[in-house]
Amino acid sequence: MWKQIISKLPKKSSSSSKNHSSSNNATASTSKSSDNVTGKSHSKNAPPPATKPASASPPDSALKDGNFKGNGIYEALPSFKDVPNAEKPNLFLKKLSLCCVLFDFSDPTKNVKEKEIKRQTLLELVDYVATANGKFSETVIQEAVRMVSVNIFRTLNPQPRENKVIDALDLEEEEPSMDPSWPHLQLVYELLLRFIASPDTETKLAKKYIDQSFVTRLLDLFDSEDPRERDCLKTVLHRVYGKFMVHRPFIRKSINNVFYRFVFETEKHNGIAEFLEILGSIINGFALPLKEEHKVFLVRALIPLHKPKCLQMYHQQLSYCITQFVEKDCKLADTVIRGLLKSWPVTNSSKEVMFLNELEEVLEATQPPEFQRCMVPLFRRVARCLNSLHFQVAERALFLWNNDHIENLIKQNCKVILPIIFPALERNTQKHWNQAVHSLTLNVQKIFNDNDPEFFKECLAKFRESESKEAEVVAKREATWKRLEEIGMQKQKSSS
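Nothing here was measured: the structure is a model prediction, and the numbers come from that model. (Residues numbered from 1 in each chain as written. Predicted model: local features only at pLDDT ≥ 70, side-chain atom pairs only at ≥ 80, totals over all residues. Heavy atoms only, no water.)

Engineer: Break down the overall build of the protein chain for me, with residues and values.
Structural biologist: Secondary structure summary: the protein chain contains 22 helices and 2 strands in total. Out of the 496 residues belonging to the protein chain, those deemed buried represent 43%. Here the contacts in the protein chain between residues at least 6 apart in sequence split such that 74% fall between residues at least 24 apart. Summing over all exposed atoms, the protein chain offers an accessible surface of approximately 27,900 Å²; the carbon and sulfur share of this is 52%. (Helix = DSSP H or I, 4+ residues; strand = E, 2+ residues; numbered from the N terminus. Buried < 20%, exposed > 50% of the residue type's maximum accessible area, 1.4 Å probe, protein only. Contact = heavy atoms within 4.5 Å. Areas by Shrake-Rupley, 256 points an atom, 1.4 Å probe, with all protein chains shown as cover.)

Engineer: Run through the confidence of the model for the protein chain, naming residues and quoting values.
Structural biologist: Here the protein chain shows a mean pLDDT of 84. Residues at 70 or above account for 82%. Confidence drops under pLDDT 50 across residues 1-6; counting only partners more than four residues distant or on other chains, this segment forms 0 contacts. (pLDDT = per-residue confidence, 0-100.)

Engineer: Would you mind going over a nonpolar patch on the surface in detail, with residue names and values included?
Structural biologist: Where nonpolar side chains cluster on the molecular surface, the patch consists of W481, L484 and I487 and spans about 330 Å² of accessible area. As for its position among the elements, I487 is in helix α22 (residues 453-495). (Patch = residues over 30% accessible without salt bridge, like charges linked within 9 Å, V, L, I, M, F, W, Y side chains within 5 Å. Salt bridge = Lys/Arg side-chain N within 4 Å of Asp/Glu carboxyl O.)

Engineer: Tell me about the side chain of Q324, residues and numbers included.
Structural biologist: Along the chain, the position of Q324 falls in helix α14 (residues 315-328). Given the relative accessible area of 9%, Q324 is considered buried. The contact partners of Q324, leaving out residues within four places of it in the chain, are G280, I283 and N284.

Engineer: Mind laying out the nonpolar core, listing which residues take part and the relevant values?
Structural biologist: Counting residues in hydrophobic clusters, the biggest one holds 135 residues, and the most contacted among them are F259 and L302. For this core, the element with the most residues is helix α7 (residues 182-197), which contributes 10 residues. For F259, the residues in contact, after removing those within four places along its chain, are I272, F275, L276, L279, F297, A301, L302 and L305. (Core = buried A, V, L, I, M, F, W, Y, C linked by side-chain atoms within 4.5 Å.)

Engineer: Hey, could you go over the packing of aromatic side chains for me, with residue numbers and the actual values?
Structural biologist: Counted according to the given criterion, the structure contains 19 aromatic pairs. Ring geometry for F153 against F214: centres 5.2 Å apart, planes inclined by 70°, an arrangement best described as edge-to-face. Here the residue F153 occupies a position in the loop between α5 (138-152) and α6 (168-173), and F214 occupies one in helix α9 (residues 212-220), the gap between them amounting to 61 residues. Across the pair, F214 and F153 agree in class, each one buried. Ring centres of F379 and W401 lie 6.5 Å apart, and the angle between their planes is 70°; this geometry places the pair in the edge-to-face category. Highlighted residues: F379 in helix α17 (residues 368-386) and W401 in the loop between α18 (391-398) and α19 (404-412), separated in sequence by 22 residues. (Phe/Tyr/Trp six-rings, centres within 6.5 Å; stacked < 30°, edge-to-face > 60°.)

Engineer: Residues and numbers for unusual backbone geometry, please.
Structural biologist: In the segment running from L288 into P289, the intervening peptide bond is cis, with an omega of -5°. Secondary-structure assignment places P289 in the loop between α12 (272-284) and α13 (292-302). Unlike most non-glycine residues, E267 shows phi in positive territory, near 55°. Inspection of the secondary structure assignment puts E267 in the loop between α11 (248-266) and α12.

Engineer: An account of α19 is requested, with residue identities and associated values reported.
Structural biologist: Burial in α19 covers these residues: I406, E407, L409 and I410. With its buried residues spanning 160° around the axis, α19 presents them on a single face. Turned more than 90 degrees away from the buried face of α19, the exposed residues are D404 and Q412. Among the structural elements, α16 (349-364), α17, α20 (414-431) and α21 (435-451) are those in contact with the buried residues of α19. At the N-terminal boundary of α19, the capping side chain belongs to N403, with an oxygen 3.0 Å from the backbone nitrogen of H405. (Arc of directions from axis to C-beta. Polar contact = N/O pair within 3.5 Å; in protein donor to acceptor, adjacent residues only side chain to side chain.)

Engineer: Tell me about the packing of α16 against α18, and please be specific about residues and values.
Structural biologist: At a minimum axis distance of 9 Å, the contact between α16 and α18 shows a crossing angle of 5°. Here α16 is positioned roughly parallel relative to α18, judged by the angle of their axes. Across the interface between the two elements, S349, E352, V353, L356, N357 and E360 of α16 pack against Q392, V393, R396 and A397 of α18. Considering only residue class, the contact of α16 with α18 consists of 4 nonpolar, 3 polar and 3 charged. (Axes fitted to C-alpha atoms, helices over the stretch in contact; angles between N-to-C directions. Parallel < 35°, antiparallel > 145°, perpendicular 65-115°, else oblique. Nonpolar A, V, L, I, M, F, W, Y, C, P; charged D, E, K, R; others polar.)

Engineer: Could you give an account of the pattern of salt bridges, with specific residues and numbers?
Structural biologist: Per the stated rule, a full pass over the model turns up 22 salt bridges. Ionic pairing is found between K208 and E138, a salt bridge with its closest N-O pair at 3.5 Å. Of the two residues, K208 sits in the loop between α8 (203-206) and α9 while E138 sits in helix α5, which places them 70 residues apart along the sequence. For D231, the salt bridge identified is with K234, shortest N-O distance 3.0 Å. Of this pair, D231 and K234 both sit in helix α10 (residues 227-243), 3 residues apart, roughly one helical turn. Among the ionic contacts, a cluster of salt bridges with common partners joins R154, D179 and E229.

Engineer: Kindly report on the environment of A424, identifying the contributing residues and their values.
Structural biologist: With respect to the element layout, A424 can be found in helix α20. Exposure remark for A424: the relative accessible area of 4% places this residue in the buried category. With 42 residues separating them in the primary sequence, A424 and V382 have C-alpha atoms 9.2 Å apart. Excluding residues within four positions of it along the chain, A424 makes contact with A383, L386 and N387.

Engineer: Would you mind going over the packing of α5 against α7 in detail, with residue names and values included?
Structural biologist: As a packed pair, α5 and α7 sit with axes 10 Å apart at the nearest point and diverge in direction by 150°. Classified by the interaxial angle, the pair formed by α5 and α7 is roughly antiparallel. As α5 runs across α7, the sense of the crossing is left-handed. Where α5 approaches α7, its residues V140, I141, A144, M147, V148, N151 and I152 are matched on the opposing element by L185, V188, Y189, L191, L192 and F195. Its residues placed into classes, the contact of α5 with α7 shows 12 nonpolar, 1 polar and no charged. (Left-handed = near helix turned anticlockwise from the far one by under 90°.)

Engineer: Describe in detail α22, supporting the description with residues and values.
Structural biologist: Across its 43 residues, α22 extends 63 Å between first and last C-alpha, which sits within 8% of the 63 Å expected from 1.5 Å per residue. Among the residues of α22, those classed as buried are F455, F456, C459, L460 and F463. Summarising the contacts, the buried residues of α22 are in contact with α20 and α21. (Expected span 1.5 Å × (residues − 1).)

Engineer: So what about the environment of R300? Which residues, and what values?
Structural biologist: Mapped onto the elements of the fold, R300 is located in helix α13. Residue classification places R300 among the exposed residues on the basis of a relative accessible area of 54%. Through-space distance from the C-alpha of R300 to that of F259 is 9.5 Å; in sequence the pair is 41 residues apart.

Put into structure tokens, the structure is as follows:
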């Protein structure tokens with residue numbers, strides 16, 4: 001029995017040794033095979049050893065899209081001037097990937113070295129795009145858009161704005177909120193702008209990645225509180241509108257929707273002025289005759305923008321857009337003026353002055369037929385402005401007569417306009433507290449008198465007649481109240 005056991009032991013050991021040897025051989029074979037594949041791959045795709053330093057390519061843990069992990073390695077890649085031209089596209093892709101890593105700028109002392117590496121890399125990318133020779137491949141376009149998206153598309157955290165719409169003057173005096181990550185954001189926007197504007201970026205390829213989703217997210221960023229970012233976005237969106245004709249209707253419709261929400265729901269948005277500035281350029285390029293779609297945009301989106309209390313923040317740009325429409329199609333003057341009258345402020349004097357400024361610009365582009373359609377309601381409103389106790393409102397209304405075109409329109413329709421505003425002019429000369437308003441009123445009266453003395457005298461006579469009748473009515477009313485007081489006193493005495 002022992003012999004049988006002993007005789008079996010060497011055989012078992014030999015078998016085990018053989019299996020172990022076989023396993024080692026298989027592992028070695030697999031390792032060798034793997035090395036061969038890797039070697040082939042490197043020999044085919046990798047740049048020459050002289051141009052690829054071992055420390056130049058950071059590990060994947062540092063290159064994943066998103067916030068930088070403190071334990072990752074973030075090192076600079078070689079400069080474009082240090083590699084052959086054939087390797088520059090691959091290096092460009094690597095640098096784009098390197099810039100997909102985000103840093104926390106809330107702490108200025110954190111990752112200072114890495115932030116500077118990314119800033120320098122972005123500068124190199126901007127310079128490469130500006131000086132590139134040859135068309136960008138689809139992969140390059142895709143990666144560039146991806147890098148831009150990772151950096152600029154983020155959740156905006158606006159400061160509380162509950163009281164901002166109450167007074168636009170207070171809002172203007174507030175310090176704008178500056179994004180601490182602007183040193184990187186600025187360069188990303190610069191890269192995007194140059195990439196879009198570059199003749200080496202083919203529109204057919206780029207529109208696959210700069211699509212409606214990208215444009216929508218770009219428009220959302222206009223609510224940023226950083227004016228520097230909004231200024232960059234304005235330039236970028238204008239370039240997108242110019243290069244990608246397929247997106248033009250979508251961009252206009254999306255801006256419309258922003259305006260609708262702003263006017264009818266929130267009255268809170270930081271980028272209305274920038275949107276209007278872009279639209280001013282777009283409207284200027286509209287072909288004639290104007291499409292019905294554009295006229296609807298004027299009536300439903302632009303004219304209602306006069307309603308919000310914070311009009312002062314964007315009125316200059318809005319006024320330019322409105323005037324562009326009237327200059328393109330003078331028949332729209334009546335629609336615009338009636339829209340202004342409908343939204344005319346009653347208690348906000350500074351806003352009233354803005355309306356009068358815009359009214360002058362619109363009237364300057366208005367032709368006689370359109371003027372005649374709206375002159376009666378228009379000068380009823382002007383008459384109220386002439387009698388305003390706020391001297392700036394009255395003064396601004398009187399300045400309308402300093403415009404030669406408007407003065408000619410008024411003179412041509414003097415028979416209709418003078419009876420409407422004559423009482424307001426005469427009351428100003430009699431009892432307005434401000435001397436400048438008094439002097440300007442006398443000048444306006446002189447214009448009417450010189451134009452048609454007989455009609456001026458008729459209006460003066462009618463005014464005096466109506467004044468005497470009004471005085472009689474006032475006297476009768478006072479006498480009636482006095483009589484009622486006496487009757488009340490008598491009843492009180494009799495009851496006591």
